[in-house]
Amino acid sequence: GFSSRPKSQRITTNRTMIRRTFDEKGIKYASELALQNVRDLNKILEWNLENNILTVGKHFPGQGNAIGDTHNRFVDVSKTWKSDELLPYKELINNNSLNAIMVSHIFHNELDKKYPATLSKSIIRDLLKEKMGFDGIVISDDPQMRAISDKYDLETVLELMINAGVDIFCFGNNLIYDPNIVKKVYLVINKLLDKNKISENDIKRSYSKKKSICLYIFCSRLALRTIKFSCCAALTIIKIKSQINLI
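These figures come from a predicted structure and were not determined experimentally.

*Asks:* With reference to specific residues and values, describe the pairing of strand β1 (residues 56–60).
*Replies:* Extensive coverage of β1 is indicated by the burial of 4 of its 5 residues. Across 3 bridges, the pairing between β1 and strand β2 (residues 100–103) is parallel. Note that in β2 the partner of phenylalanine 60 across the bridge is valine 103. In this region the chain leaves β1, passes through helix α3 (residues 87–94) and returns to the parallel neighbour β2; the handedness of that crossover is right-handed.

*Asks:* Which residues make up the confidence of the model for the protein, and what are the values?
*Replies:* Looking at the protein as a whole, its pLDDT mean stands at 76, while 70% of the residues score no less than 70. By mean pLDDT, strand β4 (residues 237–240) is the weakest element of the protein at 36, and helix α4 (residues 121–131) is the strongest at 98. Taken as a whole, residues 1–30 scores under 50 in pLDDT and shows 37 contacts with residues more than four places along the chain or in a different chain. Predicted confidence is poor over residues 215–247, with pLDDT under 50, and the contacts of this stretch with residues over four places away or in other chains come to 67 contacts.

*Asks:* Run through the sheet that holds β2, naming residues and quoting values.
*Replies:* With parallel pairing, 3 strands are arranged side by side in an open sheet as β1-β2-β3. This sheet does not close on itself; its edge strands, each paired only once, are β1 and β3 (137–140). Ignoring strand direction, the axes of neighbouring strands in this sheet form an average angle of 25°. Where β2 meets β3, 4 bridges bridge the pair, whose relative direction is parallel.

Criteria and thresholds
All residue numbers refer to position in the chain's written sequence, counted from 1. Under the rules for a predicted model, residues below a pLDDT of 70 receive no local features and side-chain atom pairs below 80 are neither given nor counted, while totals for whole chains, interfaces and linings still include all residues. Computation of side-chain values covers all heavy atoms of the structure but excludes hydrogens and water. Summary of the burial criterion: residues with accessible area below 20% of their type's maximum are buried, those above 50% are exposed, and those between are partly exposed, where the area comes from a 1.4 Å probe applied to protein chains only. Comment: elements are numbered from the N terminus, with helices defined as DSSP H or I runs of at least four residues and strands as E runs of at least two. Strand pairing requires that DSSP identify at least two bridges connecting the strands. By definition, the crossover connecting two strands over a helix is right-handed if that path, from the first strand to the second, turns clockwise as seen with the strands pointing away from the viewer. For every residue, the predictor assigns a confidence score, pLDDT, that lies between 0 and 100. We call two residues contacting when some pair of their heavy atoms lies within 4.5 Å. A fitted line through C-alpha atoms represents every axis, and for helices the fit uses only the stretch in contact; the resulting angles, taken between N-to-C directions, go from 0 to 180 degrees.

Here you go:
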């Protein structure tokens, strides 16, 4: 997500790394230091917002303890994920420092017994939005990453993501190149709407959020200040019954 420091100074709540770096007496200090780093980051993000630079946090709900890469395979963090990985998000959300959050494809059976985070109502709607109070834009990690594409077809992915509360799908289209991906996603969303498998109200809410961000970008004259939702292109396709908007 956002890193304002050299690699050795990045925020961590990873207990394994803390124990490898500090002795037992230093663990409490290390945890406090991590939170202080988040508060320092808040100041930087406040400056960004004051200067019309949007901020995006990733990858929710935290994958610092993950063993494995969701680009390549399904990753289960049920035994390694710690609740303190939510602390940076909570601090930044409470300070209104984040315009958007990208959700990871990691799986945790205590957060959702069936689905990885990007497909999970429990993680996105219940935890991120309701419990933690985030009302900004929710972006999926790339649905073509193998943690998702190896297990779910495109229609299932889009249905679950939209119903979970995702506003923007981030298709990199490089891990699995498909020259027709835009058309396919568009047709699938049409199909899901026609079958009443997704809510028109959810589509409208996502569209409204996207419009407000687009207006913000336009009015801010960001030109060379490129907003990076990720290294891939962000793709959102919206259709509202008889009116079609391709963004």
